[in-house]
Amino acid sequence: MPGIPLGVLDLVPVSSGSTAAEALRRSIDLARRAEEFGYARYWFAEHHLNPGVAGTSPAVVLALTASATSTIRLGSGAVQLGHRTALSTVEEFGLIDALHPGRVDLGLGRSAGRPRPSEDPVPQPPVTPVVDGYTPNGLRIPEPFSFTRLLGHPRVALQQKLLNLPGARPQEYGEQVDDVLALLRGEYRSPEGVEAHAIPGEGAEVEVWILGSSGGVSAETAGRNGLRFAANYHVSPAAVLEAAEGYRAAFKPSAELERPYLTVSADVVVAEDEETARELATGYGAWVRSIRTAEGAIPYPTPAEARALPWTDADRQLVADRVETRFVGSARTVADHLERLQEATDADELLITTITHGHADRVHSYRLLAEEWRRRSAH
């Protein structure tokens, strides 16, 4: 796939028997290695109240990682704006850019933010044909997973309570993104005409991205502002085509971009052979189950620990879409899957997230994939 860069999305996973401190050190080491392997960018996700995920603050982790690397782009995948302000976000990333100019990506996610009502609905784009759960080139598109059951869960409600100040109401997402962009450009004005200048932050060389799991508000906001967009195949595989096509339908050229620019995420595990890769991937189903039951991501289990956990048909159904769309196998097998993903979505980049219990296995997976991808790009 000539010219298609690979990036890394890191949740800073905590393995069973390990600690958050060890997870952070391993992620910084992985970022160094990813830079050596030739990955284009390294993003940190934001999650809260998850025993098995230490990536609670992308800005803090990427600031630490910036000092340990030198060339790879670093960013958030994504800052969740639902419990933040535009100013605090711009100032934090402005601080990092001040010492590491030209290397920072500001990825913005909606999270619990209020949608922006769209006065001009985006026209429905043509949908890539999906027959019996597959695109014409063989990419698996499963049935949609409904997150409705999680919205009223006490743990989800508690997270929102702890993240937000009492009585606080999230700003409309599209309006909040507009404020972020205005602050970065130094053009912010209040409705009363009062100027605000974020120092540091104003004029920062950050690359702004919008992350989204559907063709709705996030895709529309990215397109309307002429921003780069990241579609989440690894989180919501059923909606990846809708997200990509919705973004392109909404896109308007900007000073930043003349044409849409899309990256698509994928969960992968690569090993020397198929059997080893499947063994390393054994804990994934249990880990996803813990997230989708609102238990919170468990520390990532060993294959033996995962096999010892009880499973029901309901459990298998709960995680089926994620397990079916994780690319597991040799470097050649996984690269074939990634080529299908890129072709089906017409992505400009791909964003790879790999979780294994052992750190060495995780590093090895990224190395094998980079070598295979580089080999294909050379032909």
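Residues numbered from 1 in each chain as written. Predicted model: local features only at pLDDT ≥ 70, side-chain atom pairs only at ≥ 80, totals over all residues. Heavy atoms only, no water.

### Quick notes on the overall build of the chain
And then number 1: The helix and strand inventory of the chain stands at 14 helices and 10 strands.
And then number 2: Based on the C-alpha atoms only, the size of the chain along its principal axes is roughly 65 × 45 × 45 Å.
And then number 3: Evaluated residue by residue, the chain yields a buried proportion of 53% over its 379 residues.
And then number 4: Expressed as a percentage of contacts within the chain between residues at least 6 apart in sequence, the contacts between residues at least 24 apart total 77%.
And then number 5: A total of about 16,600 Å² of accessible surface is found on the chain, and carbon and sulfur atoms cover 54% of it. (Helix = DSSP H or I, 4+ residues; strand = E, 2+ residues; numbered from the N terminus. Buried < 20%, exposed > 50% of the residue type's maximum accessible area, 1.4 Å probe, protein only. Contact = heavy atoms within 4.5 Å. Areas by Shrake-Rupley, 256 points an atom, 1.4 Å probe, with all protein chains shown as cover.)

### Brief notes about the pairing of strand E10 (residues 349–353)
And then number 1: Most of E10 sits inside the fold, with five of its five residues counted as buried.
And then number 2: Burial of E10 is two-sided: the residues Glu349, Leu351 and Thr353 facing one way and the residues Leu350 and Ile352 facing the other way are all buried.
And then number 3: Where strand E1 (residues 6–10) and E10 come together, three bridges link them in parallel fashion. Its bridge partner lying in E10, glycine 7 is registered against leucine 351. (Pairing = 2+ DSSP bridges.)

### Thoughts on the pairing of strand E7 (residues 228–232)
And then number 1: Among the five residues of E7, five are classified as buried, and the element is accordingly described as predominantly covered.
And then number 2: The two faces of E7 match: Arg228, Ala230 and Asn232 on one face and Phe229 and Ala231 on the other face are all buried.
And then number 3: Summarising the sheet, strand E6 (residues 207–212) and E7 pair through four bridges and their orientation is parallel. Note on E7: the bridge partner recorded for glycine 212 is alanine 231.

Purely geometric numbers; function is a separate question.
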